[in-house]
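# Per-entry structural report
The residues making up each chain are set out below.
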Amino acid sequence: MVASTKLEMASSELKGLIPFTRESLELMQQCNAKKHSEKHKAEDLKPNIDLEVGKELPFVYGNLLRAMVSEPLEDVDPYYRNKKTFMVLNKKRTIFRFSATWCTLSPFNSIRKTAIKILVHPFFRLLILISVLIDCVFMSMIDMPKWGLALQNTLLGIYTFEILVKLIARGIWAGPFHFFGDPWNWLDFSVTLFEHITRYSSLNLISIFGIIRNLRILKIISLNQGLKSFARILTHCLKKLTGVIILTLFFLTIFSLIGMELFMGNLKHKCLRWPQENETEMLHNRTGNPYYIRENFYYLEGERYALLCGNRTDAGQCPEGYVCIKAGVNPDHGYTNFDSFGWALLALFRLMTQDYPEALYHQILYASGKIYMIFFVMISFWFAFYIASLFLGILAMSYEEEKQTAAEKAKKIEPEFQQSLTELQEGKKATETKTTQIEMKKKLSPSMITSLDMLDDATLRHKEELKKSRKRCAFHWYRFSKTLLIWNCSPCWLKLKDCVHVVIMDPFTDFFLTICIILNILFLASEHYPMSVETSNVLSIGNLAFIGIFTTEMIFKIIAMHPYGYFQVGWNVYDSLIVFHGFTELCLENFHGLAVFRSFRVLRIFKLGKYWPTFKILMLTLGNSIVTLKDLVLLLFTFIFFSAVVGLKLFGSNYKECVCNIDEGCQLPHWHMNDFFHSFLNVFRIVCGEWIETLWDCFQVASQFSCIPFYMMVILIGNLLILYLFLALISSFSSYKAATIEENDEAKNLQCAMARIKRGINYMLPKILCKKKKVQEETMNNISDIYVKENISDHTLSELSNTQDFLKDKEKSSGTEKNTMTENESRSLIPSPSVSETVPIASEESDIENLDNKKIQSKSGDGSSKEKVKQSSSSECSTVDIAISEEEMVYEHEKLKHFKNGYERRSSSAQISRESKKGKIWQNMGKTCCKIVENSCFKCFIGLVTLLSTGALAFEDIYIDQRKTIKILLEYADMIFTYIFILEMLLKWMAYGFKSYFTNGWYRLEFIVVIVFCLSLMGKSREELKPLISIKFLRALRVLSQFERMKVVVRTLIKTTLPTANVFLVCLMIWLAFGIIGVHLFAGTFYECIDLTSGERFPISEVMNRSQCESLVFNESMPWENAKLNFDNVGISFLSLLQVATFNGWITIMNSAVDSTGVDMQPNFENNIYMYCYFVVFIIVGLFLPLSMLIGAIVANFNKYKMKGGANIFITVKQKKQYRALKKLMYDDSQKPVLRPGNKFQGFIFDLVTNQVFNVIIMVLICFQAITIMIQSDEQSLQIDIALYWINSVFVMLYAGECVLKLIVFHCNYFTSGWNIFDFMVVVFSITGLFLPLTVGYYLVPPSLVQLILLSRIIHILRPEKGPKVFHDLLLPLMLSLPALLNISLLIFLVMFVYAIFGMYSFAYVKKGGGINDVSNFETFGSSMLCLFQVTIFSGWDQMLDAIFNSKWSDCDPDKINPGTQVRGDCGNPTVGIIYFVSYILISWLIIINMYIVAVMEFLNIASKKKAKTLSEDDFRKFFQVWKRYDPDRTQYIDSSKLSDFAAALDPPLFMAKPNKGQLVAMDLPMAVGDRIHCLDVLLALTKRVMDKDVKMEKVLSEIESGFMLANPFKITYEPITTTLKRKQEAVSATIIQRAYKNYRLRQNDRNTPDSHVIDNDKEVQIIKEDSDFEKAEGKATIQSQI
């Protein structure tokens, strides 16, 4: 105790806590008086992060005495010591700071002290927190209880008291910690004040009060330090996202204006019944009256809105008896249209967020034509992808910055307190007695002893006290556990324990338990509906057996390990819970309604994790991530809760009052906001990305001005929180392999058991196959005899020995140059790029066997590696076959050993010559074939044939039988393609040999394609083989082997995705658990009785169950139908969960689950409402977390492969050169500077057009022209049309005038800039668009064409160095990643092409309905691509699959005659459809994820380069661009007076902010005659400044200097006469001399007369002028002589 007391006193003296007194305040005031003189010292101080308000005081500052609790103390942070503040600590050592100024009351006033004590007390904060939580509960209630008003008054009193306490304690408006200095206090004060006004005033503000009062929920954030920190981080992220948001709004505006011009009024085109009588009168009425009778429009079956149509040939056509006219309202209650800028902007935002986009596609394509699918591809895929990449990239940068800040903070903290911590540890050890130490050593494991240097200093005291409490309690519990939980009863028991230990710890026991777990999983997955009694009995018996096995395992382990040791292991506790659940389930088996409890059987699935290291690592990473991000998760939940309450208060009553506007039966739908639970679900749905349908309902019941702000708030802030959490989880999982977890005994035992089984098989198999082995040995002997007899003459011993020497020399000489294929590359689809086109010749055709000894010896001694490779090759054309040749040589040498063992035989010379001639002929044939195959023309020809054969597949649609000529041409083309590819295959066989050909993955793929060609031809020749024609779609895969871009992408995808198989299995296991739970909850409950007349289900009042449905009198076959997507078995459960995961069709599935009542029972509306929770939990646990795991694993492999393969792993070598050129283009301004004309008029115009003001005026005109389009609307008046025409004419004239002015000035140089050419074309087309309609009419050339052409000039805003710099910075990563993105897009297109062809073969004749209609179908190639584009962005595939599910007689007609073809029926194939869509979704998802990774990594790459103290080519390029402005004559010199402005004009990291003259002088730059400085000297000095102490600095400086010399071989050189530092020293010296001389002259004033003084001054000035003139003349002469 004495040692500890001394230690505490010492620490208090060093870093002690000192009470804050009046003397302390006076000392602060004295220090502040000296603040101006020591200002530079104060600026260096920064607040200590560990001593921030709200954090606990580190223990190193000493113990907190009772007298110091809640009392003013001097601040321990040096930053605040002179800030007139003091510190207060509560019992938990939490830091509070207050202003020491005379704000309201004195710091020593008793009232203020009391207020401070109340404020810092933990109970006060707890009281406020409980009050807020109670208030939140009451806010979520619709009907308040009678005592609710009294409780609200009480809570209001508590909040008022809190504000008064804070006002007294902190002061109103003075000092750094005053009350209104905290934004959260502003929020509390405003809400409380408004609540008082509303409560006690006569104004009717109840509705507004209900909304403003909801802001009280956000007070939870201010009461939690972690929530406040995350809120601050996200606010910082929002500031960084400002540029992205502006750019997004800019693009949304542009695309909205384009949509207005293209689709304005088109969605009103509908099919109207053509009148049979009084036709002219009807047409007159049609033009006079815009309203029509609903029955006159054409409706598709089951559709709510009339069929849209268009006047284009590729648009939707009306059936017979109907005509397409513009009538009625827009679809979706009139809210989906492009008739004005606001609705167009909403539609574009919907497309960007990809919410229900397929409906908008179909509407526009029906009304305008399929050609406009290009517009939607640009918006929904590229634009949405780019904007999402921007948000993800900026958030990823912010998260990485936070991580680096935290890491730097941890590094600073550790050495600072390490010494104090060790002293404290020694002091504690000195106070412990020996007996306590012995007991502690017995009971504590080494893992509980935490390293002090790894602990956070802010929480160290808490952890130490926790350890002490554990030690005190654990000592008593240790005696209890030793007597009761450690069983060492008798020797017999110990022997039994040892026997059981041997059994239960045996490797084969764990192997048996693993098999039991897998069998149990299979049994759980086997449950289905309907299930026979026998199957049910088998599953029940199996359940009992597994419960018995797991119980036996638990009992045996308890015996072997004692209860104390057994429950120390987490997995054992988990096993015991599973056994306990099993017995509890058996006891409650006869109780009904316990399906939820039965669902906990799925916990047995995760027993597999005990034997699965990957699962353990992922779960540990997930646990650590959730603990770290718990505050962020809580912040997200708080925001969703707040949004749900706000939605309830805003729209709850509206949904009840105006329910008839959204439902014909005046019944609330499934999704509304009339109560808190539904409001919460609605907000959750919005956050998940499904918001447009509920927004339409909100429009119907409330005003648009209240719905849109609420929805935008939820979408933007909710997605920001989710994206940040998502990126944080991905960052955690991307480093999951770095986690080091020791394998447990079970995993080691399983590996040991597998090894034993393998050894046993290897031991037993030869004995079982003994006879066969003997037969094989005899056969091998015969073969070796034959070989020696026939082939020993082909080689001599000297040849083989020389060959071996050659191989040894080759291995030594090719240590660094490796041109051979490795074994892995030769056996996979991912060969190295250098060998992707060349394959070694097989040993049978190799000419190495016939090489002359002298040739081999001479070539092996050659030093050239190329010649060595050439001579060691088996072909003159092949450059990579040495590895195979070596293997073949070794193989020949191994076969020659038979000759050494006694099989000697001599051959005649005639036989040798005959064999050698055959070998040379074979060799020459191989060389010739190799030359043909490797020829570039041959490759181009094969590539062209591949494209033609692939493109020919697109013509084989349902109309091919009607186009006889095309069909015949395609049949002949198939035969020609087949023969060409067979010939190519034979040539490659001859060139490379069979072994080398089939060891290359790409050639194996080509071989498979050749087989496909042959099988498809066979299918055409025979009727019974006709199904083989359907595999023709595989022909397109040959494109992969022909184009290097796709090879690179496929190779990279395989390397980044295949290693994630383990993680994918873990995710699949989680889905399996949810699938089994779904079967337990919903199997057989999705059936319903349908009324065929209306298509809706009967109400439960009419039909209650299946028997009543089947016994209805008025209909003999009333269907008792099951939902097409249900949970009747695990397979269909996976499909249902996939639809929920992709948010396609998930609303229908959830509605069916919520309405379910029981097996064979008619569903009832929201009978089982809390089943929503199942899907919410699945989206969080089954989708969000596994998705983070999988993407994190892909990112980890991506980074790993990136370190090996370089930064750009998705582009080829040629594209890397293009990448560098593109990078240069993005930074370079290619336009050459034009000299100012000498003519005065031209000079005036030159000054005008090159002035920045002129460019600003042009930008303003462009924006005004965009505004004129914004104000347009459908069915606007004729006067507005005329006004817009003249406005457009004015804009055309202004742009034409700009063009003429620039042509006058720049002449031909005008067309050297691409931007000028673009402007010129805009002017030409605009003038054409104005006058052409006057001749050909407005129908062919619509007025909107001119506006679109003029609008195209708005892209000038994105022009580098002309538009905002933030736009350029955001466009740069996209442009740099464009080559890789295009390569990946090519692969996506190929996958879409293959699946489109297969879809045409499989689903072309499927009955139209759901997602398959006249626009989106599989009848033609274009329509199939449209369908697959929808699936690519995960929209609408559920409706297509729903149409393919029509396979029963009740849904389709299998004997339907399809006109123009021999195919019968319109039924789908559900199995093929499921495989088709699921496989495509997985493949496209993997590819698109890699696209996002490429774009985001480019962001992070650019950000890391900016932060790192390194310079790139771009920085040097920018340097010389700025230099050109200050050195227009390109003399390589600038005047020293311009150096300061030049340094300030540079971009970071070379940028030097003003004032910078002192820093520039300190660089000591050489100066030439005339005070000029060379650009290379400036660049070298700035580079040294940026790189500072970097080890690569000298290398970079030498590269800069050598590169500059090479680029400027004839540069003018001058000898420096001085430096900037010397010149400064000279100036300072001259100033000192002048001052001394001035003082001397002043002292001489009294002695001399004023006149003489004036004369002397005049003489002095004249002498100085003469000297300066002489120096200038001498300098000019020197320069001229050097030139």
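Residues numbered from 1 in each chain as written. Predicted model: local features only at pLDDT ≥ 70, side-chain atom pairs only at ≥ 80, totals over all residues. Heavy atoms only, no water.

## Overview of the overall build of the protein chain
When its secondary structure is counted, the protein chain shows 65 helices and 10 strands. Relative to its full complement of 1683 residues, the protein chain shows a buried share of 46%. Relative to all contacts within the protein chain whose residues are 6 or more apart in sequence, the contacts with residues 24 or more apart total 75%. Counting only carbon and sulfur atoms, one obtains 62% of the accessible surface of the protein chain, whose full area is about 88100 Å². (Helix = DSSP H or I, 4+ residues; strand = E, 2+ residues; numbered from the N terminus. Buried < 20%, exposed > 50% of the residue type's maximum accessible area, 1.4 Å probe, protein only. Contact = heavy atoms within 4.5 Å. Areas by Shrake-Rupley, 256 points an atom, 1.4 Å probe, with all protein chains shown as cover.)

## Quick look at the pairing of strand 1 (residues 85–89)
Burial within strand 1 is extensive, with five of its five residues counted as buried. Residues Thr 85, Met 87 and Leu 89 line one face of strand 1 and the alternating positions Phe 86 and Val 88 line the opposite face, and both faces are buried. As paired elements, strand 1 and strand 2 (residues 95–99) share five bridges and run antiparallel to each other. Bridge assignment links Phe 86 to a residue of strand 2, and that residue is Phe 98. Between strand 1 and strand 2, which follow one another and run antiparallel, lie five residues, and Arg 93 among them has a positive phi close to 65 degrees. (Pairing = 2+ DSSP bridges.)

## Description of helix 26 (residues 692–701)
With eight of its 10 residues buried, helix 26 lies for the most part within the structure. Every buried residue of helix 26 is listed here: Ile 692, Thr 694, Leu 695, Trp 696, Asp 697, Cys 698, Phe 699 and Val 701. Taken together, the buried residues of helix 26 touch helix 13 (341–353), helix 24 (630–657), helix 25 (676–687) and helix 27 (704–733).

## Remarks on the side chain of Asp 957
Along the chain, Asp 957 falls in the loop between helix 36 (936–952) and helix 37 (964–992). Since its relative accessible area comes to 11%, Asp 957 is described here as buried. A distance of 3.1 Å separates a polar atom in the side chain of Asp 957 from the backbone nitrogen of Tyr 959. Discounting residues that sit within four places of it in the chain, Asp 957 has contacts with Arg 963, Met 1400, Glu 1419 and Thr 1420. (Polar contact = N/O pair within 3.5 Å; in protein donor to acceptor, adjacent residues only side chain to side chain.)

## Some points on a nonpolar patch on the surface
Judged by side-chain polarity, Phe 508, Met 754, Ile 757, Ile 761, Tyr 763, Met 764, Leu 765, Ile 768 and Leu 769 come together as a nonpolar surface patch covering roughly 850 Å² of accessible area. For the nonpolar patch, the element with the most residues is helix 28 (residues 745–768), which contributes seven residues. When you line up the elements, Ile 757 lands in helix 28. The class of Ile 757 is partly exposed, set by a relative accessible area of 30%. (Patch = residues over 30% accessible without salt bridge, like charges linked within 9 Å, V, L, I, M, F, W, Y side chains within 5 Å. Salt bridge = Lys/Arg side-chain N within 4 Å of Asp/Glu carboxyl O.)

## Remarks on unusual backbone geometry
Geometrically, the link from Tyr 529 to Pro 530 is a cis peptide bond, its omega value of -5 degrees lying close to zero. Position of Pro 530 relative to the elements: it lies in the loop between helix 19 (507–525) and helix 20 (533–566). The phi angle at Glu 1166 is positive, at roughly 50 degrees, despite the residue not being glycine. Structurally, Glu 1166 can be placed in the loop between helix 45 (1146–1155) and helix 46 (1172–1205). Taking relative accessible area as the criterion, Glu 1166 reaches 16% and is therefore assigned buried.

## What to know about the packing of aromatic side chains
The tally for this structure, following the rule as stated, stands at 92 aromatic pairs. Summarising the aromatic geometry, the rings of Phe 1074 and Phe 1178 are spaced 5.3 Å apart at their centres and angled 75 degrees between planes, so their arrangement reads as edge-to-face. With Phe 1074 in helix 42 (residues 1061–1082) and Phe 1178 in helix 46, the pair connects residues that are 104 residues apart, well separated along the chain. The two residues Phe 1074 and Phe 1178 agree in class, both being buried. Across from the ring centre of Trp 671, 4.9 Å away, lies the NZ or CZ of Arg 685, which sits over that ring. The lysine or arginine in question, Arg 1572, covers the ring of Tyr 1533, its NZ or CZ lying 5.0 Å from the ring centre. (Phe/Tyr/Trp six-rings, centres within 6.5 Å; stacked < 30°, edge-to-face > 60°. Lys NZ or Arg CZ within 6 Å of the ring centre and 35° of its normal.)

## Quick notes on the pattern of salt bridges
Overall, the coordinates contain 44 salt bridges when judged by the stated rule. Residue Asp 1274 is joined to Lys 268 by a salt bridge in which the shortest nitrogen-to-oxygen separation is 3.5 Å. On the criterion of sequence distance, the pair formed by Asp 1274 in the loop between helix 49 (1252–1270) and helix 50 (1278–1306) and Lys 268 in the loop between helix 11 (242–263) and strand 3 (269–273) is long-range, its members being 1006 residues apart. Among the ionic pairs, Asp 1155 bridges to Arg 1097, the shortest N-O distance being 2.9 Å. Of this pair, Asp 1155 sits in helix 45 while Arg 1097 sits in the loop between strand 5 (1088–1089) and helix 43 (1106–1110), and the two are 58 residues apart along the sequence. One connected set of salt bridges, linked through shared partners, spans Lys 268, Lys 326, Asp 339, Asp 1274 and Glu 1275.

## Considering helix 5 (residues 122–139)
The terminal C-alpha atoms of helix 5, which comprises 18 residues, lie 26 Å apart, in line with the 26 Å expected from a rise of 1.5 Å per residue. All buried positions along helix 5 are accounted for by Phe 124, Ile 128, Ser 131, Val 132, Asp 135, Cys 136, Phe 138 and Met 139. Buried residues of helix 5, seen end-on, are gathered within an arc of 165 degrees and therefore sit on one face of the element. Against the buried residues of helix 5 lie helix 4 (110–120), helix 6 (148–170), helix 9 (219–222) and helix 24. (Expected span 1.5 Å × (residues − 1). Arc of directions from axis to C-beta.)

## A word on the packing of helix 50 against helix 53 (residues 1344–1351)
Relative orientation of the contacting elements helix 50 and helix 53 amounts to 40 degrees, with a least axis distance of 11 Å. Put simply, helix 50 runs oblique to helix 53. You can see that helix 50 and helix 53 cross each other, and the crossing is left-handed. Touching Leu 1284, Asn 1288, Phe 1291, Val 1292 and Tyr 1295 of helix 50 are Val 1346, Gln 1347 and Leu 1350, all from helix 53. Looking at the contact of helix 50 with helix 53 residue by residue, the class counts come to six nonpolar, two polar and no charged. (Axes fitted to C-alpha atoms, helices over the stretch in contact; angles between N-to-C directions. Parallel < 35°, antiparallel > 145°, perpendicular 65-115°, else oblique. Left-handed = near helix turned anticlockwise from the far one by under 90°. Nonpolar A, V, L, I, M, F, W, Y, C, P; charged D, E, K, R; others polar.)

## A closer look at the packing of helix 54 (residues 1365–1376) against helix 55 (residues 1378–1403)
Where helix 54 contacts helix 55, the axes come no closer than 5 Å and their chain directions differ by 50 degrees. Considered as vectors, helix 54 and helix 55 are oriented oblique to each other. Each of Leu 1374, Met 1375 and Leu 1376 in helix 54 lies in contact with helix 55, whose residues at this interface are Leu 1378, Pro 1379 and Leu 1381. Its residues assigned to classes, the contact of helix 54 with helix 55 comprises six nonpolar, no polar and no charged.

## A word on the environment of Phe 508
Turning to its location among the elements, Phe 508 is positioned in helix 19. Residue classification places Phe 508 among the partly exposed residues on the basis of a relative accessible area of 37%. As for Phe 508 and Gln 751, which are separated by 243 residues in sequence, their C-alpha atoms are 9.9 Å apart. In contact with Phe 508, not counting residues within four places along its chain, are Ala 753, Arg 756 and Ile 757.

## Structural notes on the pairing of strand 3
Strand 3 sits mainly inside the fold: four of its five residues count as buried. As paired strands, strand 3 and strand 4 (residues 322–326) are joined by five bridges and run antiparallel to one another. Bridged to Cys 271 within strand 4 is Cys 324.

## Some remarks on the side chain of Arg 685
Along the chain, Arg 685 falls in helix 25. Using a relative accessible area of 4% as the deciding quantity, one classes Arg 685 as buried. Once you skip the residues sitting within four places of it in the chain, Arg 685 turns out to touch Trp 671, Glu 690, Glu 693, Thr 694, Trp 1146 and Ile 1147.

## Here's the deal with the confidence of the model for the protein chain
Per-residue pLDDT for the protein chain averages 77, and the proportion of residues at 70 or more is 75%. Within the model, pLDDT remains below 50 along residues 1–15, and this stretch shows 17 contacts once partners closer than five positions in the same chain are excluded. When the criterion is pLDDT under 50, residues 428–473 qualifies, and its contacts beyond four places in sequence or with other chains add up to 39 contacts. (pLDDT = per-residue confidence, 0-100.)

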